[in-house]
Amino acid sequence: MKKFSIFRYLKQFSLLIFLLAVVGSVAIYRYGKSQQRYIASTVIRYANKAAQDGFTPDGSPLNVEEIFSSTVIDAALKDLGYQSNIDSIRSNCYVEEIVPETKQKLMSVLLDKGEETSYTADTYRVYFVGGSSTNANYAWNVLDAIIKNYCEFYTEKYVEERLQNNAATALAQGNYDFIESAQVLEDAVAQMVDYLNNKRTAMPYFRSIETGYTYNDLCNIYTHLYNYEIPNLYATILGHAETTDIEVLMNRLTKDCEDLELFIQNRQQQADHLKNLIDNYSDRNKEMMDYHYHNSSNQEVGTEYILKDVEYDNDSNDKETTYDGLIAEYVDLNISIRNRKIEKEHNEYLLSVFENALHTENRSTISAEEIQAKIDHCSNLVSEYYRDVEETGRELNRYLSADYLTMVSSINVNTAVNIKLYVAVAVMLFTFVGVVGAVLIGRLLDFIDYFLYVDKKVGLPNRAKCDEFIDEASQKMLPENYSCLALRMTSLNDITRDYGRATGDAVMRDFGLILKSFSDLYCFIGYNGTGNFMVFFPDCSSKKLDVILEAIDRQVEEYNNLNQGHEIRYVCGKAVSDDDNTFDIRGLLRISMQRMNMAKAK
């Protein structure tokens, strides 16, 4: 059997080891990628003092789960332009509070003493976990967008005044007449003017980087719209008394006037009732004052007694509050009545304008398309500047959020699986497995080769192995200098007869070892049975083969000198492909055997 050699096995199965290492590493890499998670995290701190007690700047309880509210996630996805599902993003977000180490030690000591501890954190670590189908940039961008939009949401909800919706967008959704469209635009602009007046007073020096406007600039723009564009639109509509459907409009205005009249009457009745209560209350107070000043001589019912009642009567404060409430309610009712009267007078004026137009012949008109174009122009202006106000408000919220919400650390992205390390380990592991496998398989093949293809008496490939080698070599043409050597040990029968079979087998094995000592890795030496040997040299010229035969003769001669009575005598025949012009292995073997049979024993 072949000698155990690790290097021979490694060389024999080097390709298999390499392929196993590559395939195994690729499999581990793909598995690692499928299990990979990209964890983006940052630390935020609520900077207002109330946050240490668990409250927001407006006094409401702090709820950190709002970081992942639908409003914030939806705004973040819109900023990024992603089409991801909101719930899929929220399910991969979480937040944990950060407790200072000193506080943890203090709480631990208190717990050991059996005392209750409580701590309200104002610092939190926010996480977003990206799946295997994403990458580190995706996780970073999503968390950055979430934090940015949460800052705006937090400031807008708890610090800043929330911007009302753009009322001008209702024009595209409702069935409005021309005059009604103008009223909608007027109300939208008026509301915005009030809002911007408050903002420019509160933030007079803030200028948006994105829009370039201050709140004073925006207020002047909307004031211009209110003072010029809207009146011009009204003048165009009322000057020509143009409408989409005059009868429907007049019916609507008539109905509004009737409803306003009912409202005014109802509120006037309430105001009259309150007026009576207030007058009665005032008269009663006057009587008490008269009684106080004109009856001070009677000590039991005079000033001292009345003051004592005022001081110790528990209901006195409630009575005073009730009186003030009556006055405030009466004032509110009169303001409401006055506003409705103005609105009713306005509607009656509009009704009169369109009634006159209905009965006027040959009146100058303007096309509905021109009026609609003016309305669209005003609506577009309002919407355009509303976007500027909205963007300025967002930027202001980001600016103000620094005073109430700060990022303690920048966003970091870590991977859940260190794929490079896994691949490196996989390469070493599968290379080791390949080496061990190569040694085991190589050695197993040695055992199989030994039991199936090695003659146990000689220790050389047997006849089956020789036939397999010849069959394989016969499939192709032999190269030049391909040599074949056929040998027969002629003294085997004499040694076996005189000294027994065991001695004959031992001498034959020694002869095989002599032949093997002159072979190289590419030479094939086989035992063909009954003392016949065959040797094939893939690259051996006739001269080189003669040198090998001379060396074999010398070795045999030395062996015979040391083993008198067990001498090796043999005959041989040689054939070389190019010398004999035979490039078929069977033909070459046949020529060498013929020459062997004709040769004399040595």
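About the criteria used
- Residues numbered from 1 in each chain as written.
- Predicted model: local features only at pLDDT ≥ 70, side-chain atom pairs only at ≥ 80, totals over all residues.
- Heavy atoms only, no water.
- Pairing = 2+ DSSP bridges.
- Helix = DSSP H or I, 4+ residues; strand = E, 2+ residues; numbered from the N terminus.
- Axes fitted to C-alpha atoms, helices over the stretch in contact; angles between N-to-C directions.
- Contact = heavy atoms within 4.5 Å.
- Core = buried A, V, L, I, M, F, W, Y, C linked by side-chain atoms within 4.5 Å.
- Buried < 20%, exposed > 50% of the residue type's maximum accessible area, 1.4 Å probe, protein only.
- Patch = residues over 30% accessible without salt bridge, like charges linked within 9 Å, V, L, I, M, F, W, Y side chains within 5 Å.
- Areas by Shrake-Rupley, 256 points an atom, 1.4 Å probe, with all protein chains shown as cover.
- Salt bridge = Lys/Arg side-chain N within 4 Å of Asp/Glu carboxyl O.
- pLDDT = per-residue confidence, 0-100.
- Parallel < 35°, antiparallel > 145°, perpendicular 65-115°, else oblique.
- Left-handed = near helix turned anticlockwise from the far one by under 90°.
- Nonpolar A, V, L, I, M, F, W, Y, C, P; charged D, E, K, R; others polar.

Enquirer: Can you break down the sheet that holds strand β9 (residues 524-529) residue by residue, with the values?
Expert: With antiparallel pairing, the four strands of this open sheet are ordered in space as β9-β10-β8-β11. Two strands in the sheet have a free side with no partner beyond their single neighbour: β9 and β11 (570-576). Mean inter-strand twist for the sheet, computed between neighbouring axes without regard to direction, equals 15°. Pairing of strand β8 (residues 483-489) with strand β10 (residues 532-537), which is carried by six bridges, proceeds in the antiparallel orientation. The residue bridging Leu487 from the neighbouring strand is Phe533, located in β10. Docked against the sheet, helix α16 (residues 501-517) engages β8, β9, β10 and β11, running at close to 160° with respect to β8. Packed on one face of the sheet, helix α17 (residues 542-562) meets β8, β10 and β11 and runs near 165° to β11.

Enquirer: Talk me through the nonpolar core; I want residue IDs and the actual numbers.
Expert: In this structure, Leu185, Leu196 and Tyr222 are the most contacted members of the largest nonpolar core, which totals 37 residues. Broken down by secondary-structure element, the contributors of at least two residues to this core are α7 (178-202), α8 (215-240), α9 (246-294), α11 (316-359) and α12 (368-404). Top contributing element to this core by residue count: α8, with 11 residues. If you look at the next biggest cluster of nonpolar residues, it comprises 34 residues, including Ala51, Val64, Val72 and Leu77.

Enquirer: How would you sum up a nonpolar patch on the surface? Please name residues and give values.
Expert: Taken together, the side chains of Leu20, Leu421, Tyr422, Val425, Met428, Leu429, Phe432, Val433, Val436 and Leu440 make up a nonpolar region of the molecular surface, amounting to roughly 950 Å² of accessible area. In terms of residue count, helix α13 (residues 419-453) provides more of the nonpolar patch than any other element does, nine residues in total.

Enquirer: Hey, could you go over the pairing of β8 for me, with residue numbers and the actual values?
Expert: Counting buried positions along β8 yields six of seven residues, so the element is predominantly enclosed. By the bridge criterion, seven bridges tie β8 to β11 in an arrangement that is antiparallel. Looking at β11, one finds that Leu487 is bridged to Cys572.

Enquirer: Describe the confidence of the model for the protein chain, and please don't skip the residues or the numbers.
Expert: Here the protein chain shows a mean pLDDT of 82. Residues at 70 or above account for 86%. Taken together, the stretch residues 297-321 has pLDDT below 50 and engages in 15 contacts with residues farther than four places along the chain or on a different chain.

Enquirer: Mind laying out the packing of α7 against α12, listing which residues take part and the relevant values?
Expert: Between two packed helices, both the angle of their axes relative to each other and the distance between the axes serve to describe the pair. One way to put it is that α7 packs onto α12 with a least axis distance of 11 Å and a crossing angle of 20°. Taken together, the axes of α7 and α12 lie roughly parallel to each other. Judged by the twist between their axes, the crossing of α7 over α12 is left-handed. Touching Phe178, Ser181, Leu185, Val189, Met192, Tyr195, Leu196 and Lys199 of α7 are Ala368, Ile371, Gln372, Ile375, Cys378, Ser379, Val382, Tyr386, Val389 and Leu396, all from α12. For the contact of α7 with α12, the class distribution of residues is 14 nonpolar, three polar and one charged.

Enquirer: Can you tell me about the packing of helix α15 (residues 492-499) against α16, naming the residues and giving the values?
Expert: Their axes nearest at 7 Å, the elements α15 and α16 cross at an angle of 145°. When the axes of α15 and α16 are compared, the crossing they make is right-handed. Contacts from Leu492, Ile495, Thr496 and Tyr499 in α15 reach Arg501, Thr503, Gly504, Val507 and Met508 in α16. Classifying every residue of the contact of α15 with α16 by side-chain character gives five nonpolar, three polar and one charged.

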